[in-house]
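This is what each chain is made of:
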Amino acid sequence: PHAGPAESKNEAAMSELVPEPRQKPIVPMKPTGINTNLLGYIGIDTIIEQMRKKTMKTGFDFNIMVVGQSGLGKSTLVNTLFKSQVSRKSSGWNREEKIPKTVEIKAIGHVIEEGGVKMKLTVIDTPGFGDQINNENCWEPIEKYINEQYEKFLKEEVNIARKKRIPDTRVHCCLYFISPTGHSLRPLDLEFMKHLSKVVNIIPVIAKADTMTLEEKTEFKQRVRKELEVNGIEFYPQKEFDEDLEDKTENDKIRQESMPFAVVGSDKEYQVNGKRVLGRKTPWGIIEVENLTHCEFALLRDFVIRTHLQDLKEVTHNIHYETYRAKRLNDNGGLPPMTVETEENHESNL
């Protein structure tokens, strides 16, 4: 009972020393920094574990697209990335099949589980890309496919009774395979990346890097980076989406040193110094796929799977999909796109 008046006296003395613009109501003093010893353990940190449990139950989607000419080892590389037969071989797509006349798009889904984490992986293959004599506009079916997935997601999202969890078929990452010519990028490479870097996360990859010497490889990587810069092509991770200084530092290193990743893929195992390694056998030795002194495959895998997988999904959702959604709703006068039912009703009314 005596504490109140004593406090108000002190406050009056304080206000004489420091004139305040307006009178504040008397409130009990709060500790400035929460002292856990004073309050005991609350348990806020368990939210991370709660989120982990939820995610483990639902699992998650990751959709990766591979684009590039035939024979650059796209399927092999994807199989190597996920250490299982996840690309076209497992779906009965054999090498004897003729080169498609136009770009075909084949999506193959798998569920991969590791350490209790379930990932629904979809590999989107693009056989026939860049294999014709006239490759004019051959990126159009790919762009159409990417936009169709955004459209599908948008339609689900604007439904009145929408699903709690919308199936995600949006392309999170596009590995673009560059031929190891040692010269410059082909006009087709530049055209593709110019058109699609605005709608999808493109990661440029120099395929079959074991066909170049170390000096050629370094020079070619620098030339590719320069050409992409000169042509204003933004590949993933894009500069403007770095969230903080830590991200910027980490991503700058990737943009200036690692990109484009010069890789070698292989799904064959060999014995090297008593250890089993993934590699390619040549007359002068075995190229170890996961050995950083041999190729940059391990860097690409760590980048796509171990450090940036969640970010690839977030950039797809928050940037590429949002851009598509805003444009689509603007074109539609701010109204959701017509669903099949409303179109049918509309036609029957007519």
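About the cut-offs
Residues numbered from 1 in each chain as written. Predicted model: local features only at pLDDT ≥ 70, side-chain atom pairs only at ≥ 80, totals over all residues. Heavy atoms only, no water. UniProt positions renumbered as here; feature names shortened; annotations may be inferred. Helix = DSSP H or I, 4+ residues; strand = E, 2+ residues; numbered from the N terminus. Buried < 20%, exposed > 50% of the residue type's maximum accessible area, 1.4 Å probe, protein only. Contact = heavy atoms within 4.5 Å. Areas by Shrake-Rupley, 256 points an atom, 1.4 Å probe, with all protein chains shown as cover. 1 Å grid on protein atoms, 1.4 Å probe; cavity = no way out; pocket = protein on both sides within 12 Å on 5 of 7 lines; lining within 4 Å. Points joined across faces, edges and corners; volume = space filled by probe spheres on them. Phe/Tyr/Trp six-rings, centres within 6.5 Å; stacked < 30°, edge-to-face > 60°. Lys NZ or Arg CZ within 6 Å of the ring centre and 35° of its normal. Pairing = 2+ DSSP bridges. Axes fitted to C-alpha atoms, helices over the stretch in contact; angles between N-to-C directions. Expected span 1.5 Å × (residues − 1). Patch = residues over 30% accessible without salt bridge, like charges linked within 9 Å, V, L, I, M, F, W, Y side chains within 5 Å. Salt bridge = Lys/Arg side-chain N within 4 Å of Asp/Glu carboxyl O. Lys, Arg positive; Asp, Glu negative; His and termini not counted. Charge placed at Lys NZ, Arg CZ, Asp CG, Glu CD.

- In the annotation of an unreviewed UniProt entry, the chain is listed under the name Neuronal-specific septin-3 and assigned to Caloenas nicobarica.
- Per its UniProt entry, the chain bears the Sequence similarities (unreviewed entry) comment "Belongs to the TRAFAC class TrmE-Era-EngA-EngB-Septin-like GTPase superfamily. Septin GTPase family."

1. Section: the overall build of the chain
- The helix and strand tally for the chain stands at 11 helices and nine strands.
- A burial count over the chain gives 39% of its 350 residues as buried.
- Expressed as a percentage of contacts within the chain between residues at least 6 apart in sequence, the contacts between residues at least 24 apart total 69%.
- Total accessible area on the chain is roughly 21,900 Å²; 54% of this is exposed by carbon and sulfur atoms.

2. Here's the deal with the layout of surface pockets
- By volume, the largest pocket amounts to about 950 Å³.
- Taken together, 30 residues make up the lining of the largest pocket; nearest its centre are F60, V117, K118, M119 and L309.
- Counting only elements with at least two residues in the lining of the largest pocket, the list comes to α3 (46-58), β1 (60-67), β2 (106-114), β3 (117-125), α9 (297-307) and α10 (309-331).
- Of the residues forming the lining of the largest pocket, the biggest block, five residues, is contributed by α10.

3. Things to note about empty space enclosed by the protein
- Following the criterion strictly, the structure yields one cavity of 30 Å³ or more and no others.
- Considered as a void within the structure, the largest cavity measures approximately 40 Å³ in volume.
- Lining the largest cavity, in full, are I178, S179, T181, S184, L185, R186, D189 and F220.

4. Remarks on the packing of aromatic side chains
- All chains considered together, the criterion is met by eight aromatic pairs.
- Aromatic side chains F129 and F192 sit 5.2 Å apart centroid to centroid with 75° between the ring planes, which places their arrangement in the edge-to-face category. Placement of F129 in the loop between β3 and α5 (140-158) and of F192 in helix α6 (residues 187-196) is noted, with a sequence separation of 63 residues between them. Each member of the pair, F129 as well as F192, carries the same accessibility label: buried.
- Seen from their ring centres, F261 and F303 are 5.5 Å apart, and the 35° between their planes marks the pair as tilted. With F261 in strand β6 (residues 261-262) and F303 in helix α9, the pair connects residues that are 42 residues apart, well separated along the chain. For the pair formed by F261 and F303, the shared burial category is buried.
- Through successive ring pairs, a cluster of aromatic residues spans Y150, F153, Y321 and Y324.
- Residue placement shows R170 over the ring face of Y321; its charged tip is 4.9 Å from the ring centre.

5. Some points on the sheet that holds strand β8 (residues 275-282)
- Pairing in this open sheet of three strands is antiparallel, and the strands run β7-β8-β9 from one edge to the other. Where the open sheet ends on each side, the last strands, each with one partner, are β7 (269-272) and β9 (285-288). Direction aside, the axes of adjacent strands within the sheet are offset by 70° on average.
- Pairing of β8 with β9, which is carried by four bridges, proceeds in the antiparallel orientation. Opposite R280, over in β9, you have I287 as the bridge partner.

6. Here's the deal with α3
- For α3, spanning 13 residues, the distance from its first C-alpha to its last is 19 Å, which sits close to the expected 18 Å at 1.5 Å a residue.
- Following α3 by one or two positions, G59 has its phi on the positive side, about 70°.

7. Notes on unusual backbone geometry
- Here the amide bond leading from Y236 into P237 is cis, since omega sits at -5°, within 30 degrees of zero.
- Here P237 lies in the loop between α7 (214-230) and α8 (245-258).
- Cis geometry is adopted by the peptide bond preceding P260, which originates at M259 and carries an omega value of -15°.
- Mapped onto the elements, P260 comes out in the loop between α8 and β6.
- Its identity is not glycine, yet K208 carries a phi of approximately 45°, on the positive side.
- The topology assignment puts K208 in the loop between β5 (202-206) and α7.
- For K208, a relative accessible area of 34% translates into the label partly exposed.

8. Focus on a positive patch on the surface
- Residues K53, K54, K57 and K164 make up a contiguous surface patch of positive charge.
- Turning to its location among the elements, K54 is positioned in helix α3.
- The exposure class of K54 is exposed, given its relative accessible area of 63%.

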